[in-house]
Amino acid sequence: MCRTCLCLLLLLLSPTAGALEPAVEIMALACPEHFLAEASAVEAQISCGRALMPENRQAPDQGRRVNLFFLRIPPVTAAGNAPILHLAGGPGDPASADLNFWLSSPLHQEYEIILVDQRGTGLSLPSLDCPEYGEVEGDDWIRACRQRLIEQGVELSQYHFMSVVRDVHDLLVALELEQVNLYGNSYGSRLALLLSSMAPERIRTLVLDGVYPPPRNDLAELASNSARALERLFADCEADAACHELYPQLRDMFYQVVAEMNAAPPELYHLGESTGRTLNGDQFLAWTVGVMRYQESIPILPHLIASFDASVYDLFILIDGLLKMPHWHDLDFRSEGFELSVRCSEAARSAVSQREDTIESTVSEAIARVIDPVVRLLRDQCELWNVPAAPDIISRAVKSDVPALLLSGAYDPATPPHWAQIASEHLSKSWNVVFPHVGHGVLESDACAGELMRAWLSDPMQAPDAECLSSLRPPQFVEQDQDDG
């Protein structure tokens, strides 16, 4: 894009441009009963509302409107602080699904919390949720969901990052919020960065948790980020005297286990009885990378790898259930259609669907063999979903002078710490904090992150400081011999 065209685009997207401020109608709404029950359990008050926004931002006075759901939790004791507005990740996760977390967070003692379900997600309407997922075989669920939404009049091309950013800006204007503290986790951090650059006067601070900055693309770097997370595990075990003594060649052991399980996938047992399931090495590798998102999984992994090396597989069933139990319903809240619209529009812009762009030469063959089909699957799904490329601004780094606190988990295979470092190079007032024992989602994983955020919000022009920071250590690995399983 030419420099003049880019300047014109940025002008049109500027919060001072008239097109950014169509009439927005705010309506009070009775909160859902289960939300009221969650709030009353901790003696908190909440209020809910809807904001009507144009679906098509290029023609704001024409066509249908989206019905944006938002929820407000007033502070318990303090007043006068700029609210914390939460932009959820996914893409496709609704912020309202995190109500319980915010009700229990010390942050809501001093700050109003505003949860906004992005267009197409959660309780916002129209919903791009696809109930066909899991009910229709193969990729036919995509065809069925897409056809149903189109017949309902939904413009799938209007559900991308730029529409969400402009929705949030217009909501702040309509609610007469001069400034907010913007908290974005995972994909929400991407939206928060973009909003801070387009409407900096509305954003007091940025707290980015699991930083996903433009122009990075998670699928294009999924293989290398998975490899980094595994290498962190091997390196931390080697540096830990007890872990190294028990598992002196953990890296070699892991890849040997993967190869042996691929050659002869073992049958899985639970309490001495067959589950009827087998598990091959590629599935075990993918599972290992996946559970590294969860802080509670990391200390167990060396022992589990060693148990597989000793052909003891029944421990896996127990651990798999215990690790995933708190997260079983996470995907129930995700809007599959919104996720496809976002991922496919951004993939079309960055051409991540090309195989040669997804596998780096430094990635082992074992990891490439597992990750490559994931990228090819998205490519095939995007051909079915068929949305245009996202605006070109997603391919440029975001620059901002808004004070920013960047939180990363050292084990995060989805939004790794080096992405936060890359983002901070374009943020003039930013501080990076890496939690050495955490995977994805720092604020929900460790109480120290909340303490740190609370202290920093009181004085965001100073480096973050909290007593708990000095106590952060790499994970304390389970010190059991594999024969104990």
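Residues numbered from 1 in each chain as written. Predicted model: local features only at pLDDT ≥ 70, side-chain atom pairs only at ≥ 80, totals over all residues. Heavy atoms only, no water.

## What to know about helix α6 (residues 161-174)
Piece 1. For α6, which comprises 14 residues, the first-to-last C-alpha distance of 20 Å matches the rise-based estimate of 20 Å (1.5 Å per residue) to within 8%.
Piece 2. Of all 14 residues in α6, 12 are buried, a share of seventy percent or more.
Piece 3. Taken residue by residue, α6 has F161, M162, S163, V164, V165, R166, D167, V168, H169, D170, L171 and L172 as its buried positions.
Piece 4. A positive phi of about 60° marks E176, the residue just after α6. (Helix = DSSP H or I, 4+ residues; strand = E, 2+ residues; numbered from the N terminus. Expected span 1.5 Å × (residues − 1). Buried < 20%, exposed > 50% of the residue type's maximum accessible area, 1.4 Å probe, protein only.)

## A few points about the confidence of the model for the protein
The predicted structure's coordinates, where accompanied by low pLDDT, should not be read in detail.
Piece 1. Overall, the predicted model of the protein reaches an average pLDDT of 88, with 90% of residues at or above 70.
Piece 2. Long-range and interchain partners of residues 1-21, a stretch whose pLDDT sits below 50, account for 25 contacts in this model, where long-range means more than four residues apart.
Piece 3. Note on residues 352-359: pLDDT under 50 across the span, and 16 contacts to partners over four residues away in sequence or across chains. (pLDDT = per-residue confidence, 0-100. Contact = heavy atoms within 4.5 Å.)

## Structural notes on the packing of helix α10 (residues 250-263) against helix α12 (residues 301-309)
Piece 1. For the pair α10 and α12, the least separation of the axes is 9 Å and the interaxial angle reads 45°. Overall, the two elements α10 and α12 adopt an arrangement that is oblique. α10 and α12 meet at a crossing whose hand is left-handed. Contacts between α10 and α12 involve L250, M253, F254, V257 and M261 from the first element and P302, I305, A306, F308 and D309 from the second.
Piece 2. Considering only residue class, the contact of α10 with α12 consists of nine nonpolar, no polar and one charged. (Axes fitted to C-alpha atoms, helices over the stretch in contact; angles between N-to-C directions. Parallel < 35°, antiparallel > 145°, perpendicular 65-115°, else oblique. Left-handed = near helix turned anticlockwise from the far one by under 90°. Nonpolar A, V, L, I, M, F, W, Y, C, P; charged D, E, K, R; others polar.)

## Quick word on the state of the cysteines
Piece 1. Under the counting rule described, the total for this entry stands at five disulfides.
Piece 2. Covalent S-S linkage joins C31 and C48, the inter-sulfur distance amounting to 2.1 Å. An S-S torsion of about 115° defines the bridge between C31 and C48 as right-handed. Note that C31 is positioned in the loop between β1 (25-29) and α2 (33-41) and C48 in strand β2 (residues 47-54), a separation of 17 residues in sequence.
Piece 3. Residue C48 is classed as buried on the basis of its relative accessible area, which comes to 7%.
Piece 4. The disulfide bridge from C448 ends at C468, spanning 2.0 Å between sulfur atoms. As the torsion about the S-S bond is roughly 80°, the C448-C468 disulfide counts as right-handed. Placement of C448 in helix α18 (residues 447-458) and of C468 in the segment after α18 is noted, with a sequence separation of 20 residues between them. Per residue, the accessibility class of C448 equals that of C468, and both read buried. (Disulfide = S-S within 2.5 Å.)

## Examining the sheet that holds strand β5 (residues 113-116)
In any sheet, the strands associate via hydrogen bonds between backbone groups, in a parallel or an antiparallel arrangement.
Piece 1. On the basis of which strands lie adjacent, the open sheet formed by nine strands has the order β1-β2-β3-β5-β4-β6-β7-β10-β11 and mixed pairing. Looking at strand neighbours, the two that pair on one side only are β1 and β11 (430-435), the edges of this open sheet. Taking each pair of neighbouring strands and ignoring which way they run, the sheet shows an average axis angle of 20°.
Piece 2. Strands β1, β2, β3 (65-73), β4 (84-87), β5, β6 (180-185) and β7 (203-209) of the sheet are contacted by α6, whose axis makes an angle of about 120° with β2.
Piece 3. Lying on the sheet, α18 is in contact with β4, β6, β7, β10 (404-409) and β11; it crosses β7 at an angle near 160°. (Pairing = 2+ DSSP bridges.)

## Considerations on empty space enclosed by the protein
Piece 1. This structure, assessed with the given rule, holds one cavity of 30 Å³ or more.
Piece 2. Roughly 70 Å³ of internal volume is contained in the largest cavity.
Piece 3. As for the largest cavity, its lining consists of 12 residues, of which Y212, N217, D218, R343 and E346 are closest to the centre.
Piece 4. At four residues, the largest contribution of residues to the lining of the largest cavity is made by helix α14 (residues 336-350). (1 Å grid on protein atoms, 1.4 Å probe; cavity = no way out; pocket = protein on both sides within 12 Å on 5 of 7 lines; lining within 4 Å. Points joined across faces, edges and corners; volume = space filled by probe spheres on them.)

## A few points about the pairing of strand β9 (residues 273-278)
Piece 1. Two strands pair when backbone bridges link them, and strand β8 (residues 267-270) and β9 are joined in this way by three bridges, in the antiparallel orientation. Across the sheet, residue Y269 finds its bridge partner in β9, namely S274.
Piece 2. Two successive antiparallel strands, β8 and β9, enclose a turn made up of two residues, where L271 displays a positive phi of approximately 55°.

## Re the nonpolar core
Piece 1. One finds L85, F161, L182, I203, L206, W385 and L406 to be the most contacted residues of the largest nonpolar core, which totals 62 residues.
Piece 2. Beyond its immediate stretch of four places on either side in the chain, L206 contacts L182, A192, L193, S196, V402, P403, A404, L405 and W456.
Piece 3. Counting 46 residues, the second largest nonpolar core, distinct from the first, contains L233, V289, A410 and F477. (Core = buried A, V, L, I, M, F, W, Y, C linked by side-chain atoms within 4.5 Å.)

## Describing the packing of aromatic side chains
Piece 1. On inspection of all chains with the given rule, the structure shows 16 aromatic pairs.
Piece 2. Ring centres 5.1 Å apart and planes at 85° place the aromatic pair F308 and Y313 in the edge-to-face group.
Piece 3. Exposure remark for F308: the relative accessible area of 2% places this residue in the buried category.
Piece 4. With a relative accessible area of 17%, Y313 lands in the buried category.
Piece 5. Ring plane angle 65° and centroid distance 6.3 Å describe the contact between W431 and W456, whose orientation is recorded as edge-to-face. A residue pair is termed long-range when its members are at least 10 positions apart, and W431 in strand β11 and W456 in helix α18 qualify at 25 residues.
Piece 6. Judged by its relative accessible area of 1%, W456 falls in the buried class.
Piece 7. Members of the aromatic cluster, joined through ring pairs, are F234, F254, Y255, F284, W287, F308, Y313 and F316.
Piece 8. Directly above the aromatic system of Y159 lies the positively charged group of R119, at a separation of 5.4 Å from the ring centroid.
Piece 9. Sitting over the face of the ring of Y212, R190 holds its NZ or CZ atom 4.0 Å from the ring centroid. (Phe/Tyr/Trp six-rings, centres within 6.5 Å; stacked < 30°, edge-to-face > 60°. Lys NZ or Arg CZ within 6 Å of the ring centre and 35° of its normal.)

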